[in-house]
Amino acid sequence: MKELFRKIFTYLLCKRNKIPYCDFKPGRGLTFVNYRYGGVKIGHDTIIGQRNILCSHTRHSVLEIGSNTLIGRDSTVTAINSVVIEDEVLTGPHVFIADYNHEYKNPYIPIKNQGNRARKGDRVLIEKGTWIGTNSVIVGNVHIGKNCVVGANSVVTKDIPDFCVVAGTPAKIIRKYDEISNSWIRIKS
């Protein structure tokens, strides 16, 4: 019975927010911002944690979260152009993902009044099987490859190839999977 109520709640949440229905599991306090403008899609068996914010800024924005994915609580995923999180991605709590940054060109105007900076074509793509650690920030035009690990408290502003472990601010590759030795090899900095 509890599962039936959850499915009905999810259906009504999707209908109210004009999102294509899919059987995902929304946490309490899930907020959709500017959802009427852009395309928000969430795959089946995905869990969106408590108090998360999903935001699409324009009518052309794409925000897609794949199937069997977990977005940890108190996280924000926001798109001006495109943010795509593929299937089976895991994020810890307090993660921020955005395909833009704030503009700060004019030092005489408060930054909050200068808008956002995203070039046409900027996007975030997080490929299948990746794990994003607690308190991580992924911002700008970033592509994270398959089965990567982003260490807790990392700030990712550049692309990461498949099968890498990154950590730090800014995030740097610290390990890479070596198919010949079938093991993770430490990268010397």
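Each remark here, short or long, concerns the structure printed above.
So, here is what we can say about the structure in this document. (Residues numbered from 1 in each chain as written. Predicted model: local features only at pLDDT ≥ 70, side-chain atom pairs only at ≥ 80, totals over all residues. Heavy atoms only, no water.)

Description of the sheet that holds strand 6 (residues 62-65)
Okay, step 1: Here we have five strands laid out as an open sheet, ordered 3-6-9-14-17, and parallel in their pairing. Sheet topology places strand 3 (39-42) and strand 17 (142-144) at the edges, where each strand pairs with a single neighbour. Direction aside, neighbouring strands of the sheet carry axes that sit 5 degrees apart on average.
Okay, step 2: Taken together, the four bridges between strand 6 and strand 9 (residues 82-85) define a ladder with parallel strand orientation. Bridged to valine 62 within strand 9 is serine 82. (Pairing = 2+ DSSP bridges. Helix = DSSP H or I, 4+ residues; strand = E, 2+ residues; numbered from the N terminus. Axes fitted to C-alpha atoms, helices over the stretch in contact; angles between N-to-C directions.)

Details of the packing of aromatic side chains
Okay, step 1: Scanning the entire structure with this criterion turns up two aromatic pairs.
Okay, step 2: Centre to centre, the rings of phenylalanine 163 and tyrosine 177 are 6.5 Å apart; their planes meet at 55 degrees, and the pair counts as tilted. You can see phenylalanine 163 sitting in the loop between strand 19 (155-156) and strand 20 (164-167) and its partner tyrosine 177 sitting in strand 21 (residues 172-178), a full 14 residues away along the chain.
Okay, step 3: Phenylalanine 163 gets classed as partly exposed once you look at its relative accessible area, which sits at 27%. (Phe/Tyr/Trp six-rings, centres within 6.5 Å; stacked < 30°, edge-to-face > 60°. Buried < 20%, exposed > 50% of the residue type's maximum accessible area, 1.4 Å probe, protein only.)

Overview of the sheet that holds strand 16 (residues 137-139)
Okay, step 1: Sheet architecture is open: six strands sit in the order 2-5-8-11-16-19, paired in parallel fashion. In the strand order of this sheet, the two ends are held by strand 2 (31-33) and strand 19, each with one partner.
Okay, step 2: Relative to strand 5 (residues 53-56), strand 2 runs parallel, the two sharing three bridges. Within strand 5, the residue paired with valine 33 across the bridge is cysteine 55.

Examining the pairing of strand 20
Okay, step 1: Both strand 18 (residues 149-150) and strand 20 contribute to a ladder of two bridges, which runs parallel. Each residue of the ladder has a partner; that of valine 149, found in strand 20, is valine 165.
Okay, step 2: Bridge count for strand 20 against strand 21 is four bridges, and the pairing is antiparallel. Note that in strand 21 the partner of valine 166 across the bridge is isoleucine 173.
Okay, step 3: The antiparallel hairpin formed by strand 20 and strand 21 contains four residues in its connecting segment, where glycine 168 sits at a positive phi of about 110 degrees.

Here's the deal with the environment of asparagine 147
Okay, step 1: Position of asparagine 147 among the secondary structure elements: in the loop between strand 17 and strand 18.
Okay, step 2: For asparagine 147, a relative accessible area of 37% corresponds to the partly exposed category.
Okay, step 3: Put simply, asparagine 147 and phenylalanine 163 are 16 residues apart on the chain and 5.2 Å apart in space, counted from C-alpha to C-alpha.
Okay, step 4: Those residues in contact with asparagine 147 that sit more than four places away from it in its chain are Lys128, Gly129, Thr130, Phe163, Cys164 and Trp184. (Contact = heavy atoms within 4.5 Å.)

A word on the state of the cysteines
Okay, step 1: A full pass over the atoms with the stated rule returns zero disulfides.
Okay, step 2: No disulfide involves cysteine 22; its sulfur sits 7.9 Å from that of cysteine 14, the nearest cysteine.
Okay, step 3: Cysteine 55 forms no disulfide, and the closest cysteine sulfur to it belongs to cysteine 14, at a distance of 17 Å.
Okay, step 4: Judged by its relative accessible area of 6%, cysteine 55 is buried. (Disulfide = S-S within 2.5 Å.)

Quick word on unusual backbone geometry
Okay, step 1: Residue threonine 169 is joined to proline 170 through a cis peptide bond whose omega torsion reads -5 degrees.
Okay, step 2: Within the element layout of this structure, proline 170 appears in the loop between strand 20 and strand 21.
Okay, step 3: Here the phi dihedral of arginine 51 falls at roughly 55 degrees; this positive angle occurs in a residue that is not glycine.
Okay, step 4: Along the chain, arginine 51 falls in the loop between strand 4 (47-48) and strand 5.
Okay, step 5: Residue arginine 51 is classed as partly exposed on the basis of its relative accessible area, which comes to 45%.
Okay, step 6: Although it is not a glycine, aspartate 74 adopts a positive phi angle of roughly 55 degrees.

Honestly, it's all geometry; don't read function into it.
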